[in-house]
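Each chain is listed here by its residues.
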Amino acid sequence: MIRLFRSKIYLAIALMVAVLTVGIFGFRFISNYSWLDAFYMTIITVATVGFGEVRPLDANAKIFTALLIISSVIIFSFAISVITEYVLSRNSLQLLKKKKVKNQIQSLSNHVIVCGFGRNGMQAAERLKAYKRPFIVVEREKEIIEKYEDSVLFMEGDANDDNVLIEAGVERASYLIAALPDDAENLFVVLSARQLNKSLFIISRASKVTSQKKLLLGGANKVIMPDKIGGDHMASLVVIPDLITFMDKLSMEGEHTTNLEEVAIEDFSDQVECNSLRDLDLRRKTGCTIIGYIEPNGNYIINPEADLPLQPNSKVIVLGRPEQIRKLNEMFHIRA
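> Would you mind going over the overall build of the chain with me for this structure?
Along the chain, the regular secondary structure elements total 14 helices and 10 strands. Relative to the 2.2 N^0.38 estimate, which gives 20 Å for 336 residues, the radius of gyration of the chain is 33 Å and therefore markedly larger than a compact globule would have. Intrachain contacts of the chain at a sequence separation of at least 6 include 58% that bridge at least 24 residues.

> What exactly am I supposed to notice about the sheet that holds strand β6 (residues 222-224) here?
The strands making up a sheet associate through hydrogen bonds between their backbones, and the pairing can be parallel or antiparallel. In spatial order, the strands read β3-β2-β1-β4-β5-β6; together these six strands make up an open sheet with parallel pairing. Of all the strands in the sheet, just β3 (154-156) and β6 have a single pairing partner and so form its edges. Between one strand axis and the next, the sheet turns through 20 degrees on average, direction left out of account. Pairing of strand β1 (residues 112-115) with strand β2 (residues 135-139) involves four bridges; the strand directions are parallel. Pairing of Val112 across the sheet is with Phe135, part of β2.

> Is there a simple way to explain the pattern of salt bridges in this structure?
Note on pairing: side chains with opposite charge can pair once their charged atoms come close. One pass over the full model with this rule turns up seven salt bridges. Between Glu262 and Lys315 there is a salt bridge, with its nearest N and O atoms 3.0 Å apart. Of the two residues, Glu262 is situated in strand β7 (residues 260-264) and Lys315 in strand β10 (residues 315-319); the sequence distance between them amounts to 53 residues. Its relative accessible area of 32% is what places Lys315 among the partly exposed residues. Where Glu323 meets Arg321, a salt bridge forms, and the shortest distance between an N and an O atom there is 2.7 Å. You can call Arg321 partly exposed: its relative accessible area is 49%. Among the ionic contacts, a cluster of salt bridges with common partners joins Arg140, Asp158 and Glu185.

> I'm lost on the side chain of Thr42 in this one. Help?
Looking at the secondary structure, you find Thr42 in helix α2 (residues 35-47). Owing to a relative accessible area of 0%, Thr42 belongs among the buried residues under this scheme. Polar side-chain contacts of Thr42 include one of 2.7 Å to the backbone oxygen of Ala38. With residues near it in sequence (within four places) discarded, Thr42 still touches Leu20, Gly23, Ile24 and Phe27.

> Sorry if this is basic, but what is going on with the nonpolar core here?
The tendency in soluble globular proteins is for nonpolar side chains to be buried as a group. Core analysis: the biggest nonpolar cluster contains 27 residues, and Ile113, Ile136 and Leu176 have the highest contact counts within it. Every element with two or more residues in this core is listed here: β1, β2, α6 (162-167), β4 (175-178) and α7 (183-196). Counting residues per element, this core draws most heavily on α7, which supplies three residues. Each residue touching Ile136, except ones within four places of it in the same chain, is listed here: Ile105, Leu108, His111, Val112, Ile113, Val114, Leu153, Phe154, Met155 and Ala168. The next biggest cluster of nonpolar side chains, apart from the first, holds 17 residues, and it includes Phe268, Leu277, Tyr293 and Val316.

> What is the right way to look at the packing of aromatic side chains in this model?
Aromatic ring pairs are reported here in terms of the distance separating the ring centres and the angle at which the planes meet. Going through the model one piece at a time under the given rule, you end up with eight aromatic pairs. Relative to Phe154, the ring of Phe117 lies with its centre 5.2 Å away and its plane at 80 degrees, an arrangement referred to as edge-to-face. Of this pair, Phe117 sits in the loop between β1 and α4 (119-130) while Phe154 sits in strand β3, placing them 37 residues apart in sequence. When its relative accessible area of 3% is taken as the criterion, Phe117 is described as buried. For Phe154, a relative accessible area of 7% corresponds to the buried category. Among the aromatic residues, those joined into a ring-pair cluster are Phe25, Phe29 and Trp35. Directly above the ring of Phe29 sits Arg28, whose terminal nitrogen or CZ lies 5.6 Å from the centroid.

How each quantity is defined
Residues numbered from 1 in each chain as written. Predicted model: local features only at pLDDT ≥ 70, side-chain atom pairs only at ≥ 80, totals over all residues. Heavy atoms only, no water. Helix = DSSP H or I, 4+ residues; strand = E, 2+ residues; numbered from the N terminus. Rg over C-alpha atoms; globule rule 2.2 N^0.38 Å. Contact = heavy atoms within 4.5 Å. Pairing = 2+ DSSP bridges. Axes fitted to C-alpha atoms, helices over the stretch in contact; angles between N-to-C directions. Salt bridge = Lys/Arg side-chain N within 4 Å of Asp/Glu carboxyl O. Buried < 20%, exposed > 50% of the residue type's maximum accessible area, 1.4 Å probe, protein only. Polar contact = N/O pair within 3.5 Å; in protein donor to acceptor, adjacent residues only side chain to side chain. Core = buried A, V, L, I, M, F, W, Y, C linked by side-chain atoms within 4.5 Å. Phe/Tyr/Trp six-rings, centres within 6.5 Å; stacked < 30°, edge-to-face > 60°. Lys NZ or Arg CZ within 6 Å of the ring centre and 35° of its normal.

This is the structure we're talking about:
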């Protein structure tokens, strides 16, 4: 629709330029005016301001002037109507777009709020999209929003503003990722979010080691230092390159899935009787292997024993190829 209006505007501008050009050349060669007088006569004729002629017009000049007045009135009226329609329609489209975004945000619950759409925020959004987790990005730069709004749900505003976080549904959200480039801004976001939602799981980015402790004290559950992780990763590629490459492949995405999956015990117990890991028998049923167990208190057990008793509110971490993970999800209806 915007493209159609733009083409109409270009047409209107071309017609106005054509009228002015025809008027100038007409007065120049029909009435033998100088170029300046021809330009002056064209302007006062098109504008219909009622100024007097440079000199009396003959019959041919009067006919030409009458036709110029009629055509200019029609063309300029058309141009004004197109510009007015374009402005009003653009405002209407913006209002409709904002209303649509607002309705989408209000329908979200247990979602993820990503604050900032820089390098880290963009990577977080891509990963969440791959896992089909509902999320919204809070971003204040209009240029960024306009560039990515077709594929990402944005909330325009400053993440440090409590009202913006409330509009983003922070009170209904499960997670918040503070991915702003400045540690101080991330700290303010963490403080505000923790005040608005005590049960919110907050993950914050940090650039400096000194900021890590402050963010944790401010209410962040986890603090990630991308630069440190990147440096460790590069050094590890020198020391243990094959192992690191293998670990990277574990987290790579296949066809909308991954090689690792975290599954709550309740997802299994609702469908099969399972008192221990052996009862799940995932290796035979799906080909996946259980490589980790997370107890209800958050304690991690790596490579757990098959006879390990399962507790409510615990989780297992399974390893498998993408097709095996997909089979696991389909068999136990873990993901929609």
